[in-house]
Amino acid sequence: MDREQQLSGPRSSFMIGDVRPIMMPTFIMDSDSVEHVIQYSYLINKCKSSEPSLISCGIDCDFLYGQGYDGASNMSGQFQGVQAHIRSKYPKALYVNCAAHSLNLAVSTASNIKPVRNCLGIIEKLYVFFNTPKRNAVLLSAIENSNTDQKVKTLKRLCATRWVQRYDSVHDFIELFEFVVNALECITEWNDSSATDATLLLKSFDSEFIISVNIVQ
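Here's a quick rundown of the structure. Every chain begins its residue count from 1, and numbering advances along the sequence as written. Where totals are concerned, whole chains, interfaces and linings use all residues; where local detail is concerned, this predicted model gives features only for residues with pLDDT of at least 70, and gives and counts side-chain atom pairs only at 80 or more. To get the side-chain values, all heavy atoms of the structure are used, and hydrogens and water are removed first.

We define a nonpolar core as any set of buried Ala, Val, Leu, Ile, Met, Phe, Trp, Tyr and Cys residues linked to one another through side-chain atoms lying within 4.5 Å. Exposed residues in this analysis have more than 50% of their type's maximum accessible area, buried residues have under 20%, and partly exposed residues fall in between, with area computed by a 1.4 Å probe over protein chains only. Core analysis: the biggest nonpolar cluster contains 31 residues, and Leu-126, Phe-130, Val-180, Leu-184 and Phe-205 have the highest contact counts within it. The helix and strand labels rest on DSSP assignments: H or I over at least four residues marks a helix, E over at least two residues marks a strand, and numbering proceeds from the N terminus. When contributions to this core are tallied by element, the ones reaching two or more residues are α6 (114-129), α7 (133-144), α8 (163-187), α9 (193-203) and α10 (207-216). Element by element, the count of residues in this core is highest for α8, at 9 residues. Among all residues touching Phe-130, those that are not within four sequence positions of it are Arg-135, Asn-136, Leu-139, Leu-155, Val-180, Ala-183, Leu-184 and Ile-187. In this structure, Leu-54, Cys-61, Tyr-90 and Ala-93 belong to the second largest nonpolar core, which totals 10 residues. Whether two residues touch is decided by their heavy atoms; if any such pair falls within 4.5 Å, the residues are in contact.

What follows deals with the packing of α6 against α10. Lines fitted to C-alpha atoms define the axes here, with helix axes fitted over just the stretch in contact, and angles between the N-to-C directions of these axes take values from 0 to 180 degrees. α10 packs onto α6 with a crossing angle of 90° between their chain directions and a minimal axis gap of 9 Å. As the angle between them shows, α6 and α10 are arranged roughly perpendicular. Residues Pro-115, Val-116, Asn-118, Cys-119, Leu-120, Ile-122 and Ile-123 of α6 touch α10, and the partners they reach there are Glu-208, Phe-209, Ser-212, Val-213 and Val-216. Taken together, the residues of the contact of α6 with α10 break down into 9 nonpolar, 2 polar and 1 charged. Angles are sorted into four bins: roughly parallel if under 35 degrees, roughly antiparallel if over 145, roughly perpendicular if 65 to 115, and oblique for all others. In this count, Pro and Cys sit with the nonpolar residues alongside Ala, Val, Leu, Ile, Met, Phe, Trp and Tyr, while Asp, Glu, Lys and Arg are called charged and the others, Gly among them, polar.

Rendered as structure tokens:
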């Protein structure tokens, strides 16, 4: 079966989602979900451009059974949103708010809770602190002198908006926590301002921080 037959065959149903600027349908064929990026396009008017984009790829929109976008009014609006325009022509295309986007918003909001916010702020300060060759060399030395096969060797910067990237930063920090502590303890012996900063960072690892970082994880 060629690609066009797969996309428009009688047993195929699908839903579309907005991954700007990509349209990424999920095709359900024989109970298996398969995602295909079918087209990169610049959509001036999404309501008018989505359907022709699908049709131009040989997709039968009569088999459109779902839509998933973020909660922005231009996408989810009950009367003028993309989902409303598509559903007016294809009633079976039920709209569902993108779960991943909703989760990202929920976690981002939770990050404004004081202990969590402070925890993430400390992790960001640690990234900045070790983002110099001299200090980073101490961290790398602590990792290399350990008896573990440590794959993560650098801290990542926290992203202000995307939780997925924040998770990577927190995950890498937890992986390196033991080595970060060892490196900070070494730096406290220096005779410059780095020693003061390292001491303050070590003192920030209190019970509230430990609990918060595990909650965030």
